Every structure is written in C-alpha cells, then in structure tokens.
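Here's the letter readout for the chains.
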Amino acid sequence: EVQLVESGGGLVQPGGSLRLSCAASGFTFSSYAMSWVRQAPGKGLEWVSAINSGGGITSYADSVKGRFTISRDNAKNTLYLQMNSLKPEDTAVYYCAKPITGWGRSYDYWGQGTQVTVSS
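Keep in mind the model is a prediction, meaning the values are calculated, not measured.

Draft legend 1. Structural view of the pairing of strand β4 (residues 34–39). Along β4, 5 of the 6 residues are buried, which leaves the element largely enclosed by surrounding structure. Here β4 pairs with strand β5 (residues 45–51) via 6 bridges, running antiparallel. The partner of Val37 across the bridge, within β5, is Trp47. Counted along the chain from β4 to the antiparallel partner β5, the turn is 5 residues long, and its residue Gly42 has a positive phi close to 75°.

Draft legend 2. Looking closely at the side chain of Ser21. Looking at the element boundaries, Ser21 is found in strand β3 (residues 18–25). Overall, the relative accessible area of 16% leaves Ser21 in the buried class. Residues within four places of Ser21 in sequence aside, it is in contact with Val5, Glu6, Ser7, Trp36, Thr78, Leu79 and Tyr80.

Draft legend 3. Molecular detail of the side chain of Thr91. With respect to the helices, strands and loops of the structure, Thr91 is situated in the loop between β8 (78–83) and β9 (92–99). Thr91 sits in the buried class, given a relative accessible area of 15%. Of the polar contacts made by the side chain of Thr91, one reaches the backbone oxygen of Pro88; its length is 2.9 Å. If we skip the residues at most four places from it in the chain, Thr91 touches Ala40, Pro41, Gln115, Val116, Thr117 and Val118.

Draft legend 4. Main features of the state of the cysteines. Per the counting criterion, the structure on display carries 1 disulfide. Here Cys22 engages in a disulfide with Cys96; their sulfurs sit 2.0 Å apart. Its S-S torsion of about 50° marks the bond between Cys22 and Cys96 as right-handed, since a negative value means left-handed. Of this pair, Cys22 sits in strand β3 while Cys96 sits in strand β9, placing them 74 residues apart in sequence. For the pair shown, Cys22 and Cys96 are each scored as buried.

Draft legend 5. Molecular detail of the pattern of salt bridges. By the definition in use, this model includes 5 salt bridges. Note that Asp90 is salt-bridged to Arg38, the shortest N-O span being 3.0 Å. Of the two residues, Asp90 sits in the loop between β8 and β9 while Arg38 sits in strand β4, which places them 52 residues apart along the sequence. The pair Asp90 / Arg38 is uniform in exposure class, with both members buried. Among the ionic pairs, Lys98 bridges to Asp108, the shortest N-O distance being 3.1 Å. Residue Lys98 is found in strand β9, and its partner Asp108 is found in strand β10 (residues 107–110); the two are separated by 10 residues along the sequence. On the basis of relative accessibility, which here comes to 33%, the residue Asp108 falls in the partly exposed class. A single network of salt bridges, built from pairs that share partners, joins Arg38, Glu46, Arg67 and Asp90.

The rules behind the values
- Residues numbered from 1 in each chain as written.
- Predicted model: local features only at pLDDT ≥ 70, side-chain atom pairs only at ≥ 80, totals over all residues.
- Heavy atoms only, no water.
- Buried < 20%, exposed > 50% of the residue type's maximum accessible area, 1.4 Å probe, protein only.
- Helix = DSSP H or I, 4+ residues; strand = E, 2+ residues; numbered from the N terminus.
- Pairing = 2+ DSSP bridges.
- Contact = heavy atoms within 4.5 Å.
- Polar contact = N/O pair within 3.5 Å; in protein donor to acceptor, adjacent residues only side chain to side chain.
- Disulfide = S-S within 2.5 Å.
- Salt bridge = Lys/Arg side-chain N within 4 Å of Asp/Glu carboxyl O.

In short, shape yes, function no, at least from these values alone.
Pasting the structure below:
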C-alpha cells in the first residue's frame, strides 16, 4: 500500500522558516519524481515544486522560486521542502504527491497534507 505522510507544518511569523518532510512507503521511492502541491484557504490546488528521481533536477513555481528548496533522501524514502522567507500568502495545506508518470502534474497518490500558517 502506497503511503505518503507529511510532517513539519505549523504556525510561523512572516520571514520565518519551516521544513516539511514527506515519508514515503509502499513503492520504489527512488524511481519516481515527486512534487509538492499546496491549497490555500478558499483556493484551488497550486503546484509548488518538483524533483526528479535522483534529486539532481528541480523545478519551482515562480511564487516560491528563490525561497523554497525541494530535496530528497532516497536512502530514507523521504522528500523535503525547505521554506524560507515565508509570506502570509504561503499559508496553505501542503501535500506531497507522486506523479503518475515521469515529470507530469497528474498524481496517483497524495499525502494527507500538513498545514502551514504564516501570520504575525
């Protein structure tokens, strides 16, 4: 059974940092690209970032470029999202997601999400 379990969310002041983790199991994690997707209150899903299977290629939404860093540890089957210089507009539920194929933005598995709230 595929499982994706996010952790690391919380309440942080503007300008602060958080690191999200996503523990994966039930599939060969090192064979798949992975993504982070978020959903702000009252809004639709927004793709945030992706990383290839080996970890050497990354991609970011313009809204987070230069502030967020995606990474992975294939030995630990874990995906990360380091979020710096957080803004109130980063407030959202953050999900890790496994693409159906390759670098695509259609996903077959999602985590339960972790809430990130940026507020003073």
